[in-house]
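Working through the structure, step by step
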Amino acid sequence: MSGRRASADSQYLGLLACISEMISSGKDLDTIFSQTVHLIQSLLHVKRCSILIMDSKTGYLKVKAAAGVPRRLWPKIKIRPGHGIAGRVLSRRKPVLVKNRRELLEMTEQPSRRYTTHSFISIPLLPLHGKGHAPGVINVANKVTREAFTPHDLDLLQAIAGLLSLLLENTRLFALSQNAKKRLADMIESLDAGIITINGDHVITHCNQRAASLLGCTPVRAKQRPLASFMDKKTATVLNSMMSKSLRTKSHQEIELDLLTRSAGSSTPMRVTIVPLASAPLKPRETMMILTDLSLRREIAELKHIDQLKSSFMSMVSHELRTPLTPITGALHLLKENPPLHLSPTQNQMLNIIRNNTNRLTALVNNLLDVTHIENQTFAIQRVPTDLQEMIDSAVEPFRAIARKKKIHLAVRHVNCIPPMALDDKRIGQVIHNLLDNAVKFTPSKGRIRVETSITENKVIIRVQDSGIGIDKSHKEKIFKKFYQVDNSISRQWGGAGLGLYIAKAVINMHNGDIEIVDSFKKGTEFRITLPLTD
Amino acid sequence: MGKKKILLADDEEDIKTVIKLYLESKGYDVVTSYDGLDTLDKVKAEKPDLILLDIMMPVINGFEVCKQLKADENTSHIPIVMLSAASHADSVERAIEAGALDYIMKPFEPPRIEAILKKILG
Ligand SMILES: Nc1ncnc2c1ncn2[C@@H]1O[C@H](COP(=O)(O)OP(=O)(O)OP(=O)(O)O)[C@@H](O)[C@H]1O
Ligand SMILES: [Mg+2]
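Residues numbered from 1 in each chain as written. Chains lettered and ligands numbered in written order. Predicted model: local features only at pLDDT ≥ 70, side-chain atom pairs only at ≥ 80, totals over all residues. Heavy atoms only, no water.

1. Digging into the overall build of chain A
Summing up its helical and strand segments, chain A has 15 helices and 18 strands in all. Residue pairs in contact within chain A that sit at least 24 positions apart in sequence constitute 59% of those at least 6 positions apart. Counting every atom, chain A has about 30,300 Å² of accessible surface; 56% of that belongs to carbon and sulfur. (Helix = DSSP H or I, 4+ residues; strand = E, 2+ residues; numbered from the N terminus. Contact = heavy atoms within 4.5 Å. Areas by Shrake-Rupley, 256 points an atom, 1.4 Å probe, with all protein chains shown as cover.)

What follows is the structure, given as structure tokens:
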């Protein structure tokens, strides 16, 4: 008896060794499962042996491998967790040995017709443990010899279940780590920074797409090449000694330099960060190099600088123009107040020319200053209670003379009465001025200009219409951009800086209003200003 | 009622000449100064009724002059109107903060000065 036991023992040990060898050989799960069920079948002399695994998609236990069960039946076997014997073993995570028909009936909802009253019954079922939930069951049924399973058999099956559980868990972990690794690799690949790992001999061991393109190479071709082969000697020396220092002192090293790679031909401003890698046992003395392209950052810094230069230039110009304009304006005014007694018509005309052009220059300088404020966001409005209609009347007044001269019919109409509003009267006046300035400029002789105000429940509308040359739809939005002018003979002839509408829009927007060109107005141009009513 | 005396502080000779001429034609007495220090001296010597003060002046700028005059109880009552050529550094807020009553942007039509003087001096 003990001899038989001893031989069984060694057989069993052989079986365990066999299975554990299979597991460590790295064979795939299906092969290992299938070989295991056949080994169990032949060694324990059982009729059937199957491994059922939880299918996470359907939530059923399904046959993964079986011996003694025809393959066509496999897909038909679906066991819900908690139901049937296998289902209960899975849920309770405890092995069960079904010893007779009564037990079988007790535990089975629909006992298989296979087992008749007289059937011999000895069916062990063992759970496969996994992390968190039991992922499967080993089901062994009836020895061919019609002997009951001994405790010893059960121990063996338990050990096999343990091994397979371990295998399942490892597989799960492996998949997880594979996943994590892939995600990490994807991330490194998609980084905008160049990442290179370099071994102790300063040879590239890995390099992402960005790094490769910065080096003027492909990731595959960069591998196993010395870093120095990609760049000039001096840079390579600097970087190599930084790598050594980083490893020696276990610290980050950082430098900004212009990297001239051999293949790229041009140099790129770059920040290079060198980090000693911690995975010491496998790859001793490896460093990671992070390359950050600074060209864009430099460009931005340069643009900012230029922008600053531009605005201090604008402010300087405006100051330097204002100072001489002040005595000119003052002197002209004195001349006008006390005109010399004998001015010839020509001299008078000359004086008018000086005056007009001084005004034009002053307007330009004022506009430039406004633009500076708008751009620096220091443009502010001061709201005061304003009679809008009265303000518009006086804004129109200065244009009467020139309209008369050009034989343009200039009319103002106030459709209904507008109560006082909180507005920056000077700024809104400037807007009307700019619009009329354009209207007069772009309307030929004998044309018409109309200014109209009206009030609705919650807004005030100001229209400035002219019968002039009109504005093509394609310029509708652009017209409000700084310095934008439609190229035509009139704007060329009349000059102007293209600032009037830009400033007008800024002023109206500061009042939370809108200014736009009315599409439906076909006889010339109509600007419509909408201002919300304030209380 | 005697003539009101205006101190015009600006380093630009042409501006001073024109404004002085204009204000005199409107019946004001006008004295001038040419920089910040000179302005402080002239205020003490001339005791003007109002000061037209340019911001960008040599030695001591207009803001500083204004602050000092406002800090001195002998001069703090004198109304100050600032003249500015709108350089980057100057602004209405800073002028008002320094104690100025009003602020005129260069270039200006001379009647604008007269209007402001009338408003302040009556
Ligand atoms: N009423 C109008 N009729 C036809 N074209 C117009 C009219 N108003 C504006 N435009 C077009 O829009 C452009 C921009 O106008 P905007 O007032 O901004 O500049 P500008 O008049 O050329 O110069 P500035 O106003 O600085 O003296 C004009 O040059 C012109 O081409
Ligand atoms: Mg214009």
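2. Thoughts on helix H3 (residues 62-71) of chain B
All names here are of chain B. Turning to H3, its buried residues are Gly62, Phe63, Val65, Cys66 and Leu69. Each buried residue of H3 lies within a common arc of 165 degrees when the element is viewed along its axis, so the set occupies one face. Against helix H2 (36-46), strand S3 (50-54), strand S4 (80-84) and helix H4 (92-98) lie the buried residues of H3. Capping the start of H3 is the job of one residue whose side-chain oxygen sits 3.0 Å from the backbone nitrogen of phenylalanine 63: asparagine 61. (Buried < 20%, exposed > 50% of the residue type's maximum accessible area, 1.4 Å probe, protein only. Arc of directions from axis to C-beta. Polar contact = N/O pair within 3.5 Å; in protein donor to acceptor, adjacent residues only side chain to side chain.)

3. As for the sheet that holds strand S2 (residues 60-67) of chain A
All names here are of chain A. Pairing within the open sheet is antiparallel, and its 6 strands lie in the order S3-S2-S1-S6-S5-S4. Looking along the sheet, the strands with just one partner apiece sit at the ends: strand S3 (78-79) and strand S4 (96-98). As judged from the 2 bridges shared by S2 and S3, these two strands associate in the antiparallel manner. Residue pairing in the sheet places leucine 61 in a bridge with isoleucine 79 of S3. (Pairing = 2+ DSSP bridges.)

4. Considering the site of ligand 1
Residue and element names in this part refer to chain A. Near ligand 1 lie 20 residues; those nearest to it are Asn438, Lys441, Gln485, Leu499 and Leu501. A distance of 3.1 Å separates an oxygen atom of ligand 1 from a polar atom in the backbone of glycine 500. Leucine 501 places a polar main-chain atom, nitrogen or oxygen, 2.8 Å from an oxygen atom of ligand 1. Coverage of ligand 1 by the protein chains reaches 95% of its 600 Å² of free accessible surface. Mapped onto the shell around ligand 1, the elements with two or more residues apiece are helix H13 (425-442), helix H15 (500-510) and strand S18 (525-532). With 3 residues, H13 is the largest single contributor of residues to the shell around ligand 1. (Near = heavy atom within 4 Å.)

5. A few points about the confidence of the model for chain B
All names here are of chain B. With 96% of its residues at a pLDDT of 70 or more, chain B has an overall mean of 91. Of all the helices and strands in chain B, H4 carries the lowest mean pLDDT, 84, while strand S1 (residues 5-9) carries the highest, 97. Scored as a whole, the predicted complex attains pTM 0.60, and scored at its interfaces, ipTM 0.88. (pLDDT = per-residue confidence, 0-100.)

6. A short note on the interface of chain B and chain A
On the chain A side, the residues contacting the 19 residues of chain B number 20 residues. The junction of chain B with chain A conceals about 1,700 Å² of combined surface from both sides, 70% of it contributed by carbon and sulfur atoms. Taken together, chain B and chain A are joined by 1 salt bridge. Measuring nitrogen to oxygen at the nearest pair gives 3.0 Å for the salt bridge that ties glutamate 337 of chain A to lysine 26 of chain B. Counting across the interface, chain B meets chain A through 3 residue pairs in polar contact (both at pLDDT 80 or more). (Buried area = accessible area lost by both parts, 1.4 Å probe. Salt bridge = Lys/Arg side-chain N within 4 Å of Asp/Glu carboxyl O.)

7. Digging into the sheet that holds strand S2 (residues 29-33) of chain B
Residues and elements named next belong to chain B. With respect to topology, 5 strands assemble into an open sheet ordered S2-S1-S3-S4-S5, the strand pairing being parallel. The sheet is open, and its two borders are formed by S2 and strand S5 (102-105), each paired with just one other strand. With direction set aside, neighbouring strand axes in the sheet form an average angle of 20 degrees. Here S1 runs beside S3; their pairing, made up of 4 bridges, is parallel. Across the sheet, leucine 7 pairs through a bridge with isoleucine 51, a residue of S3. Contacts from helix H5 (residues 110-121) reach S1, S3, S4 and S5 within the one sheet, and its direction differs from that of S5 by about 175 degrees. (Axes fitted to C-alpha atoms, helices over the stretch in contact; angles between N-to-C directions.)

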